[in-house]
Amino acid sequence: MENLGKLILRVSVAGLMLPHGIHKLMNGIGGVKYLLGQAGMPQFLSYGVYVGEIVAPILMILGLYTRVSGLLISFTILVATAAAHAHEIFKFTEYGGLVVELNALYIFGSLAVALIGPGKFRLGNQRGFWKE
């Protein structure tokens, strides 16, 4: 059951992140460049969104380089949160939830995947420093 839980976590976090990346692929990253510029960050970082929202989620779903992809997704959402929601981090909605609760769920969910690994239901047999 533990491996099934890891699969469900992997697929849910990455599967919900992937459409965000596909949207940016289809419609461009002008909004991301703008937000990074407004936050005083270099605009070239906006191209990292393709790695963090497309490549990393696909790898995570497949169970390839899962720990690295979890860290990439976490980093991508941390940067996005800093750029777009820095002033709302500790604010609440009218329903009592944090304004950035979805961002936090992506950050901590992908970080959890990075820490626990892919489980047995994955493509390939990873070896190396961060194997299961």
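How each quantity is defined
The written sequence of each chain sets the order in which its residues are numbered from 1. The predicted nature of this model means local features are confined to residues of pLDDT at least 70 and side-chain atom pairs, given and counted, to a pLDDT of 80 or more, with totals for whole chains, interfaces and linings taken over all residues. Based on all heavy atoms of the structure, the side-chain values leave hydrogens and waters out of the count. UniProt positions are given in the numbering used here, feature names are shortened, and annotations may be inferred rather than shown by experiment. Labels follow the DSSP assignment, with helices taken as runs of H or I lasting at least four residues and strands as runs of E lasting at least two, numbered in each case from the N terminus. Note that the radius of gyration is over C-alpha atoms, with the globule rule given as 2.2 Å times the number of residues to the power 0.38. Relative accessibility thresholds used throughout: buried, under 20% of the residue-type maximum; exposed, over 50%; partly exposed, between the two (1.4 Å probe, protein chains only). A 1.4 Å probe and the Shrake-Rupley method give the accessible areas. Residues count as covered only by the protein chains that appear here. In summary, the charge assignment counts Lys and Arg as positive and Asp and Glu as negative, without counting His or the chain termini. Charged groups are reduced to one reference atom each: NZ for lysine, CZ for arginine, CG for aspartic acid, CD for glutamic acid. Take the buried residues of types Ala, Val, Leu, Ile, Met, Phe, Trp, Tyr and Cys, join any two whose side-chain atoms come within 4.5 Å, and each joined set is a nonpolar core. Put simply, the grid is 1 Å and covers the protein atoms alone, a cavity is a trapped set of points that fit a 1.4 Å probe, a pocket is an open set with protein on both sides within 12 Å along at least five of seven lines, and lining residues have an atom within 4 Å of a point. Grid points are joined across faces, edges and corners, and a volume is the space filled by probe spheres set on the points. Each residue is assigned to one of three groups, with Ala, Val, Leu, Ile, Met, Phe, Trp, Tyr, Cys and Pro labelled nonpolar, Asp, Glu, Lys and Arg labelled charged, and all others, Gly among them, labelled polar.

Per an unreviewed UniProt entry, the protein is named GntR family transcriptional regulator, and its organism is Marinifilum breve. According to the UniProt record, the Subcellular location (unreviewed entry) comment for the protein reads "Cell membrane". The record held by UniProt for the protein lists under Sequence similarities (unreviewed entry) the comment "Belongs to the DoxX family."

A. Broad picture of the overall build of the protein. For the protein, the count of helices and strands is five helices and zero strands. Relative to its length of 132 residues, the protein is compact, with a C-alpha radius of gyration of 15 Å against a globular reference of 14 Å. Overall size of the protein, expressed as C-alpha extent along the three principal axes, is 45 × 35 × 25 Å. A buried classification covers 34% of the 132 residues belonging to the protein. Carbon and sulfur atoms make up 71% of the accessible area of the protein, which amounts to about 8,000 Å² in all. Distance between charge centroids for the protein: 15 Å, based on 10 positive and 6 negative side chains.

B. Quick look at the nonpolar core. By size, the foremost hydrophobic cluster in this structure holds 10 residues: V13, A14, M17, A56, M60, I73, I77, Y106, I107 and V113. Counting residues per element, the ones that place at least two in this core are α1 (2-27), α3 (48-62), α4 (66-85) and α5 (101-116). In terms of nonpolar packing, the next biggest core, distinct from the first, is built from six residues, I29, V32, L36 and V79 among them.

C. Geometry of the UniProt feature "transmembrane region" (unreviewed entry) in the protein. What UniProt calls "transmembrane region" (unreviewed entry) maps, in this numbering, to residues 44-64, 71-90 and 96-117. Annotated as residues 44-64, this span is 71% helix and 0% strand, and its ends, taken at the C-alpha atoms, are 27 Å apart. With 75% helix and 0% strand, residues 71-90 has end C-alpha atoms that lie 23 Å from one another.

D. Layout of the layout of surface pockets. In this structure, the largest pocket spans a volume of roughly 580 Å³. Where the lining of the largest pocket is concerned, the elements lending two or more residues are α1, α2 (30-38), α3, α4 and α5. The element that contributes the greatest number of residues to the lining of the largest pocket is α4, accounting for nine residues. Its residues placed into classes, the lining of the largest pocket shows 17 nonpolar, eight polar and two charged.

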